[in-house]
Amino acid sequence: MSHYSANLSQPVNNLIKIRRALISVSNKSGLQELCVFLNQLGCQIVATSSTYKAIIEFGLPCNSVDSITNFPEILGGRVKTLHPKIFGGILGREYLESDRADMLANGIEVFDVVVCNLYPFQEVLRKGANAEELVENIDIGGVSLLRAAAKNHASISILSDTNDYKKFIENVSSYNGFVSLSFRKQLAIKAFRETAAYDELISATLDKSLNVEFSLSSKLGPVRSENLKAIDTLPESISLSLCKIQPLRYGENPHQNAAFYALSDIDVQNVCSLTNMKCFHGKELSYNNVLDIEHAIRLVSEFKENHVAVILKHNTPCGVGVSSKSIADAYIAAFESDPVSPFGGIVCLTTQVSIELAKKLYETFLEVIIAPSFENGALDLLQKKKNLRLATYDSSLPLANKTIFTHVQGGFLAQSSNDFVINMENITYPTLTKPSADIIKAMTLGMTVVKHVRSNAIVLANSQQTLAIAGGFTNRVDAVQNCLSKNRLSLDNAILASDAFFPFPDSIQIINKFGIKHIVQPGGSVQDSEVIKACNEYGISMIFTGNRHFKH
């Protein structure tokens, strides 16, 4: 116990000498190098069965756990380290006289380092394991080892990540066989985060695989609602298990740090997730790129047409085109509605990029093109732009996120995803003039796009493309005026879609001046009768969908 001060109250210089190590790992990466280093220090190594065999095969001395506990591994390996001689050695505090007395009386020797990584629950999950296999891959002893060692970081180092072995070796080498307190603290925090993420992954997975249902309690906190039906499906407690996918160059601006994290419990094989998107050419994706791709994929996923093209800038669509003939036609239709905004934007497509389309895309400076695939000739052409990011995704898969979170100061808001546009069984026709089937198709396209535009949002469209888009206005009159003023294309069979009701007939008067004869909106204003009256006066057809699509 020479590495403690005379009064035994604090470690000398906050340094702990490495004398005895416990190792229990499922991932053997880097294990040999670590054990060779520990052996050179004169450190005694104790290990669980499979780890013990690996170390012996390295030609290094090692003691098995059962030789220390005098108790065999039982229950098919479910119980091996859960023993006082193991956990007493991890949790014991040599600087406390009472702990030293307990350890001496019970023949317990301290550990100075614990090396442990957990059963690969996430890997088994990704391979499609059933519920029984998942349960058997829930680590019990390993989690206990991590938490115990992290708790006693004043006296012990805990290595929970194979990537930290090299840093540990460097730290101990720099302190001549001792390890610093600051490094032990870092390792402890990492271990606690590991166990928290591990438990959250398990609970989220079993929630789905075992079909467990949760209900919201009656505790509402400071926010009151008279209609709780919409939030009954959200659990009382939510923990997000996140794993860093990659660091990003910077955030929204160069002075902001950023990284891309994935939800650990997402089944990436069966859902559309940006974590399995493949960016294979051009610069690394930026924070803003990822956000733009997210909004673009949300929008294109709404369409069932054969070919859909979305051009998006700053999380806002600036052009949407659909075609039953070709993806090139869809892109041309999207580009026509706003040929200025696509500069520096992204293009998201639902079908393979053809050579014909690639030639069109090559003409404009774009940040990202994302599509299910690229023809060889199209790829050859687009890859001539060395900075243009090219990415692929699976457009046939459903979106991953069913709950949408927004980070606010000190917490998160959660809501279910907005999964539909128009329920045709609920629409009503309050005006004297009724829309035709083609106009209904155009209205559906308009409402699909307006749902993805910042409120107050207005979209001008026909059945094949958007004509103009306006969003983020603080009043609906300005949004209507801006949208109609931006239009460059023919207004034949054009419709105007609004994400929320018109509070007054003043917007209808502007719409009439521009010659628009068809409107789709949710309805529900106390002034609906006045809006309907204005539409009838101007011969405008209007439908009420009954569903608002605010996007804040």
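How each quantity is defined
Residues numbered from 1 in each chain as written. Predicted model: local features only at pLDDT ≥ 70, side-chain atom pairs only at ≥ 80, totals over all residues. Heavy atoms only, no water. Helix = DSSP H or I, 4+ residues; strand = E, 2+ residues; numbered from the N terminus. Buried < 20%, exposed > 50% of the residue type's maximum accessible area, 1.4 Å probe, protein only. Contact = heavy atoms within 4.5 Å. Areas by Shrake-Rupley, 256 points an atom, 1.4 Å probe, with all protein chains shown as cover. Arc of directions from axis to C-beta. Pairing = 2+ DSSP bridges. Axes fitted to C-alpha atoms, helices over the stretch in contact; angles between N-to-C directions. Patch = residues over 30% accessible without salt bridge, like charges linked within 9 Å, V, L, I, M, F, W, Y side chains within 5 Å. Salt bridge = Lys/Arg side-chain N within 4 Å of Asp/Glu carboxyl O. Parallel < 35°, antiparallel > 145°, perpendicular 65-115°, else oblique. Nonpolar A, V, L, I, M, F, W, Y, C, P; charged D, E, K, R; others polar. Disulfide = S-S within 2.5 Å. Core = buried A, V, L, I, M, F, W, Y, C linked by side-chain atoms within 4.5 Å.

Caption draft 1: Region of interest: the overall build of the protein chain. When helices and strands are tallied, the protein chain shows 18 helices and 22 strands. Here the protein chain holds 552 residues, and the buried ones make up 46% of them. Within the protein chain, contacts between residues at least 6 apart in sequence are counted, and of these 56% link residues at least 24 apart. Of the roughly 27,800 Å² that the protein chain leaves accessible, carbon and sulfur atoms contribute 51%.

Caption draft 2: Spatial organisation of helix 17 (residues 506-513). Those residues of helix 17 lying buried are Ser-507, Ile-508, Ile-510 and Ile-511. Taken around the axis of helix 17, the buried residues stretch over an arc of 160 degrees, which confines them to a single face. Taken together, the buried residues of helix 17 touch helix 16 (476-486), strand 20 (495-498), strand 21 (518-521) and helix 18 (528-538). Just beyond helix 17, the residue with positive phi is Gly-515, at close to 85 degrees.

Caption draft 3: Fine view of the sheet that holds strand 19 (residues 466-470). Here we have five strands laid out as an open sheet, ordered 19-18-20-21-22, and mixed in their pairing. Of all strands in the sheet, those bounded by a partner on one side alone are strand 19 and strand 22 (541-544). Adjacent strand axes in the sheet meet at a mean angle of 15 degrees when their direction is disregarded. Across four bridges, the pairing between strand 18 (residues 458-461) and strand 20 is antiparallel. Bridge assignment links Ile-458 to a residue of strand 20, and that residue is Ser-498.

Caption draft 4: Seen up close, a nonpolar patch on the surface. On the surface, a nonpolar cluster with roughly 610 Å² of combined accessible area is contributed by Ile-238, Leu-240, Leu-242, Tyr-261, Leu-263, Phe-405 and Phe-412. By the element assignment, Leu-242 lies in strand 8 (residues 242-248).

Caption draft 5: Representation of the sheet that holds strand 2 (residues 20-25) within the structure. Here five strands make up an open sheet; going across it, the order is 4-3-2-5-6 and the pairing parallel. Looking at which strands have only one partner, the edges of the open sheet turn out to be strand 4 (63-64) and strand 6 (157-159). Of the strand pairs in this sheet, strand 2 and strand 3 (residues 44-47) are connected by four bridges, and their pairing is parallel. Directly across from Ala-21, in strand 3, lies its bridge partner Ile-45. Contacts from helix 1 (residues 31-40) reach strand 2, strand 3, strand 5 (113-117) and strand 6, with the element oriented near 170 degrees to strand 2.

Caption draft 6: Summary view of the packing of helix 16 against helix 17. The geometry of helix 16 relative to helix 17 is characterised by a closest axis approach of 9 Å and an angle of 10 degrees between their N-to-C directions. One element, helix 16, and the other, helix 17, form an angle in the roughly parallel class. Residue-level contacts link Arg-476, Val-477, Val-480, Gln-481 and Leu-484 of helix 16 to Asp-506, Ser-507, Ile-510 and Ile-511 of helix 17. Partitioning the contact of helix 16 with helix 17 into residue classes produces five nonpolar, two polar and two charged.

Caption draft 7: Summary view of the pairing of strand 13 (residues 345-349). With five of five residues buried, strand 13 is to be regarded as a mostly interior element. Burial of the side chains of strand 13 extends over both faces: Gly-345, Val-347 and Leu-349 are buried on one face and Ile-346 and Cys-348 on the other. Bridging between strand 11 (residues 307-313) and strand 13 involves four bridges; their strand directions are antiparallel. Each residue of the ladder has a partner; that of Ile-311, found in strand 13, is Val-347. Note: strand 13 against strand 14 (residues 366-371), four bridges, orientation parallel. Bridge assignment links Cys-348 to a residue of strand 14, and that residue is Ile-370.

Caption draft 8: Layout of the state of the cysteines. Counted under the stated rule, the structure contains zero disulfides. Free of any disulfide, Cys-62 has its nearest cysteine sulfur in Cys-35, 7.1 Å distant. Owing to a relative accessible area of 11%, Cys-62 belongs among the buried residues under this scheme.

Caption draft 9: Fine view of the nonpolar core. By size, the foremost hydrophobic cluster in this structure holds 54 residues, and its most contacted members are Leu-22, Ile-23, Leu-38, Ile-55, Ile-90, Val-114 and Phe-168. The element that contributes the greatest number of residues to this core is helix 10 (residues 181-209), accounting for seven residues. Other than its neighbours up to four places away in sequence, Ile-90 contacts Leu-22, Phe-111, Val-114, Leu-145, Ala-148, Ala-149, Asn-152 and Ile-156.

Caption draft 10: Representation of unusual backbone geometry. Omega for the peptide link from Ser-455 to Asn-456 comes to -5 degrees, which places this bond in the cis form. Position of Asn-456 relative to the elements: it lies in the loop between helix 15 (437-450) and strand 18. Positive phi outside glycine occurs at Asn-70, with the angle close to 55 degrees. For Asn-70, the location among the structural elements is in the loop between helix 3 (65-69) and helix 4 (84-91). According to the relative accessible area criterion, Asn-70 is exposed, its value standing at 63%. Phi is positive for His-314, which is not a glycine, with a value near 55 degrees. Structurally, His-314 is set in the loop between strand 11 and strand 12 (316-323).

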